[in-house]
Amino acid sequence: MNNKLKEDKYFIVKKKAVPEVLLKVVEAKHLLDSEKAITVQEATDAVGISRSSFYKYKDDIFPFHDNSRGKTITFMLQMDDEPGLLSRVLNLVAENGANILTIHQSIPVNGIAMVTISVEVLPSSVSLSVLIDAVEELDGIHYLKILARE
């Protein structure tokens, strides 16, 4: 395993790649949060996992989009330095109901700019995945990386 991979603490993984036990932990946590289950034993029995599995993983997995609503997300973009591209990105954020908190753009080098944007994802916002997909699909965006979620 390379050093960079060893340093990474968080990964974004599509649901289909997540082991079933982890998905059941999320489901059990939802039952507890929604008060459909009173105890951990009831929640784990309902989803078909052991309490030890629940306790082992409960602090390590959460539904990213559900927990993102009403939160601050900071992401970095590597993008072409072309007139109007940053404006299109910011318009997409606003059109999708998120509130722009901060914007920082480095001086472009060799026609490429690094931009860091913090947005507040409101309960009325579309899902974060829809917003991220829309930004990534813009011509001139090289990549988008989520840096933080608070």
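Residues numbered from 1 in each chain as written. Predicted model: local features only at pLDDT ≥ 70, side-chain atom pairs only at ≥ 80, totals over all residues. Heavy atoms only, no water.

Visitor: Help me understand the overall build of the protein chain in this model?
Guide: Secondary structure summary: the protein chain contains seven helices and four strands in total. In sequence order, the protein chain lays out its α and β elements as α-α-α-α-α-β-α-β-β-α-β. Taking all 150 residues of the protein chain together, 31% fall into the buried category. A separation threshold of at least 6 residues defines the contact pool for the protein chain, and within that pool the share at least 24 residues apart is 70%. Summing over all exposed atoms, the protein chain offers an accessible surface of approximately 9800 Å²; the carbon and sulfur share of this is 52%. (Helix = DSSP H or I, 4+ residues; strand = E, 2+ residues; numbered from the N terminus. Buried < 20%, exposed > 50% of the residue type's maximum accessible area, 1.4 Å probe, protein only. Contact = heavy atoms within 4.5 Å. Areas by Shrake-Rupley, 256 points an atom, 1.4 Å probe, with all protein chains shown as cover.)

Visitor: Honestly, the packing of helix α2 (residues 20–33) against helix α3 (residues 40–47) in this entry has me stumped. Any pointers?
Guide: Contact pair α2 / α3: the axes reach a minimum separation of 9 Å and the direction vectors enclose 135°. It follows that α2 is oblique to α3 by the angle criterion. Like other packed secondary-structure pairs, α2 and α3 cross with a definite hand, here right-handed. In this structure, α2 uses Lys24, Glu27, Ala28, Leu31 and Leu32 to contact α3, whose residues at the interface are Val40, Ala43, Ala46 and Val47. (Axes fitted to C-alpha atoms, helices over the stretch in contact; angles between N-to-C directions. Parallel < 35°, antiparallel > 145°, perpendicular 65-115°, else oblique. Left-handed = near helix turned anticlockwise from the far one by under 90°.)

Visitor: Any chance you could explain the nonpolar core here in plain terms?
Guide: Side chains of a nonpolar character, in soluble globular proteins, are inclined to be buried together. By size, the foremost hydrophobic cluster in this structure holds 22 residues, and its most contacted members are Phe75, Leu77, Met79, Val89, Ile117 and Val119. Secondary structure elements with two or more residues in this core: β1 (71–80), α6 (85–95), β3 (112–121), α7 (128–136) and β4 (141–149). Once you skip the residues sitting within four places of it in the chain, Val119 turns out to touch Lys71, Thr72, Ile73, Phe75, Val93, Ala98, Asn99, Ile100 and Leu101. Core analysis: the next-biggest nonpolar cluster, separate from the first, contains 13 residues, Val18, Val25, Leu31 and Val40 among them. (Core = buried A, V, L, I, M, F, W, Y, C linked by side-chain atoms within 4.5 Å.)

Visitor: Can you help me understand the packing of aromatic side chains in this one?
Guide: How two aromatic rings sit relative to each other is set out by the distance from centre to centre and by the angle between their planes. Evaluated as defined, the whole model comprises one aromatic pair. On the numbers, 5.5 Å between centres and 80° between planes, the contact of Phe54 with Tyr55 is edge-to-face. Of the residues examined, Tyr55 reaches a relative accessible area of 45% and is grouped as partly exposed. (Phe/Tyr/Trp six-rings, centres within 6.5 Å; stacked < 30°, edge-to-face > 60°.)

Visitor: Please clarify how unusual backbone geometry should be interpreted in this entry.
Guide: Most peptide bonds are trans, and most residues other than glycine sit at a negative phi. Here Glu35, not a glycine, exhibits a phi torsion of approximately 65°, which is positive. Turning to its location among the elements, Glu35 is positioned in the loop between α2 and α3. Judged by relative accessible area, which is 65%, Glu35 ranks as exposed. The phi angle at Asn110 is positive, at roughly 55°, despite the residue not being glycine.

Visitor: What should I look at first to understand the pattern of salt bridges in this one?
Guide: Side chains that carry opposite charge are capable of pairing whenever their charged atoms lie near each other. Evaluation of the coordinates by the stated rule reveals two salt bridges. Lys24 is the salt-bridge partner of Glu20, the closest N and O atoms lying 3.2 Å from each other. In this pair, Glu20 and Lys24 both sit in helix α2, four residues apart, roughly one turn of the helix. For Glu20, a relative accessible area of 55% corresponds to the exposed category. Taking relative accessible area as the criterion, Lys24 reaches 22% and is therefore assigned partly exposed. Arg88 is the salt-bridge partner of Glu82, the closest N and O atoms lying 2.9 Å from each other. Looking at Arg88, the relative accessible area reads 35%, which means it is partly exposed. (Salt bridge = Lys/Arg side-chain N within 4 Å of Asp/Glu carboxyl O.)

Keep in mind that these numbers describe shape and distance, not what the molecule does.
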